[in-house]
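Listed below are the residues making up each chain.
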Amino acid sequence: MTSEVVTGIDADTVTGWLADRLPGLEPPLRFELIAGGHSNLTYRVTDAGGGSWVLRRPPLHQVLATAHDMEREHRILAALGPTDVPVPSVIGLCTDESVNGRPFYVMDFVEGIVARTGDIAAASLDEGARWRVSRSLAEVLARIHRVDLAAVGLDDLGRKEGYVERQLKRWMRQVEQAENPGRAEITELHAYLSSRIPEQGPATIVHGDYRLDNTIVSPEGEVLAVLDWELCTLGDPLADVAQLIVYWAEPGDALTPLESSPTAVGGFADRNQMLAWYGEASGRDLGDMTFYLSFTCWRLACILEGVYSRYLGGAMGEVPDSVHDFDLRIRGLLERSEGYAGAIG
């Protein structure tokens, strides 16, 4: 029986590939796109017997192969599988492009809640669960940063030294190469932060995009799986902590980096408590966090500035009305960065 046709999936050949690795597979398979856009595409795969898995592949119109490296993502998940970091179990990696046009990998489907918006968080997690998931997120991040790189075979995943310095150069270069002129505040903050980079401690895994909506959580408030390892590398763990905190909206925040921040609905721990829990779980000195918070606000502003510039330059197709919200969010992030920078000394 032939599986349904879904863009980005050659159903017959993928079914055959999966059948070789899952002896109990019951075709036909149903493929449902659950995350897409300019990032890697994520499909839920369901067989006739009710089994569920997740397939990840590069976007349909990919520009840079290195930005959508399936082998790298699969390697990270496979390495973390035996550790105490909650990740989905991997089924296999396919690098034979005759199967589906591009490399892909398949992992187990983890049942749970992905709190992408405030509405989902409010409807799916009661106040007790919101408090518990706050602590779980902080403690799981500490577990990620405790992974023994050599023991799991990730010691050569990336450059270890000079993480923040490299990030400052990378994002400043992208702003300078944008079609529209950058903002003076970005250049000024870049110079200020570049002259005050704290000494980096031992390198750890850096997830690169660690936040609530990149995890699967239980209704009781436990982190069941950390997702979206696309930006993972080695480097400074405090950059991961700062990113979690900058994305961590509190009720009453005027502007947030996300359009609908799940943590803004109330019941979640505040940012100071999140830092305290992480510090307790990791034993790490957080004395330089003000720098990292300023740096992270600046970095996110640069990323949004690049997207905003591409929209204004016509590279992203039709410009939606909501694109001008980018300007407000960029300004808000730069103001936060300046505020933190003023306290660095």
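Residues numbered from 1 in each chain as written. Predicted model: local features only at pLDDT ≥ 70, side-chain atom pairs only at ≥ 80, totals over all residues. Heavy atoms only, no water.

### Some thoughts on the environment of A48
When you line up the elements, A48 lands in the loop between β2 (41-46) and β3 (52-57). Along the backbone, A48 and I91 are 43 residues apart, and their C-alpha atoms lie at a distance of 18 Å. Dropping the residues within four chain positions of it, A48 is found in contact with E26, P27 and P28. (Helix = DSSP H or I, 4+ residues; strand = E, 2+ residues; numbered from the N terminus. Contact = heavy atoms within 4.5 Å.)

### Some words on the packing of aromatic side chains
The relative placement of two aromatic rings is captured by the distance of their centres and the angle of their planes. A full pass over the atoms with the stated rule returns five aromatic pairs. Aromatic pair F291 and Y292: ring centres 5.4 Å apart, planes at 90 degrees, arrangement edge-to-face. Each member of the pair, F291 as well as Y292, carries the same accessibility label: buried. Among the aromatic residues, those joined into a ring-pair cluster are F291, Y292 and F295. One residue, R44, lies across the ring of F109, its end atom 3.8 Å from the ring centre. Cation over ring: R211 sits above Y247, and NZ or CZ is 4.6 Å from the ring centre. (Phe/Tyr/Trp six-rings, centres within 6.5 Å; stacked < 30°, edge-to-face > 60°. Buried < 20%, exposed > 50% of the residue type's maximum accessible area, 1.4 Å probe, protein only. Lys NZ or Arg CZ within 6 Å of the ring centre and 35° of its normal.)

### Observations concerning the sheet that holds strand β5 (residues 104-108)
To summarise the sheet geometry, strands pair through backbone hydrogen bonds and adopt either a parallel or an antiparallel arrangement. Strand order in the open sheet formed by five strands is β1-β2-β3-β5-β4, with antiparallel pairing between adjacent strands. Looking at which strands have only one partner, the edges of the open sheet turn out to be β1 (30-35) and β4 (90-94). Strand after strand, the sheet turns through a mean of 25 degrees between neighbouring axes, direction not considered. Relative to β2, β1 runs antiparallel, the two sharing five bridges. Looking at β2, one finds that A35 is bridged to T42. (Pairing = 2+ DSSP bridges. Axes fitted to C-alpha atoms, helices over the stretch in contact; angles between N-to-C directions.)

### Some thoughts on the environment of V265
Along the polypeptide, V265 turns up in the loop between α9 (237-247) and α10 (271-282). In this structure V265 touches G118, A121, A122, R130 and P251, once residues within four positions along its chain are discounted.

### Considering unusual backbone geometry
Along the chain, P27 connects to P28 via a cis peptide bond; the corresponding omega equals 5 degrees. With respect to the helices and strands, P28 occurs in the loop between α1 (11-21) and β1. With phi around 55 degrees, D228 is a residue other than glycine that occupies positive phi space. As for its placement among the helices and strands, D228 is situated in the loop between β8 (223-226) and β9 (233-235).

### Details of empty space enclosed by the protein
Per the stated rule, a full pass over the model turns up two cavities of 30 Å³ or more. By volume, the largest cavity amounts to about 70 Å³. Surrounding the largest cavity, Y163, Q167, V206, G208, A239, D240, Q243, F295, T296 and R299 form its lining. Elements that contribute at least two residues to the lining of the largest cavity include exactly α7 (163-176), α9 and α11 (289-312). Residue classes in the lining of the largest cavity are distributed as four nonpolar, four polar and two charged. (1 Å grid on protein atoms, 1.4 Å probe; cavity = no way out; pocket = protein on both sides within 12 Å on 5 of 7 lines; lining within 4 Å. Points joined across faces, edges and corners; volume = space filled by probe spheres on them. Nonpolar A, V, L, I, M, F, W, Y, C, P; charged D, E, K, R; others polar.)

Purely geometric numbers; function is a separate question.
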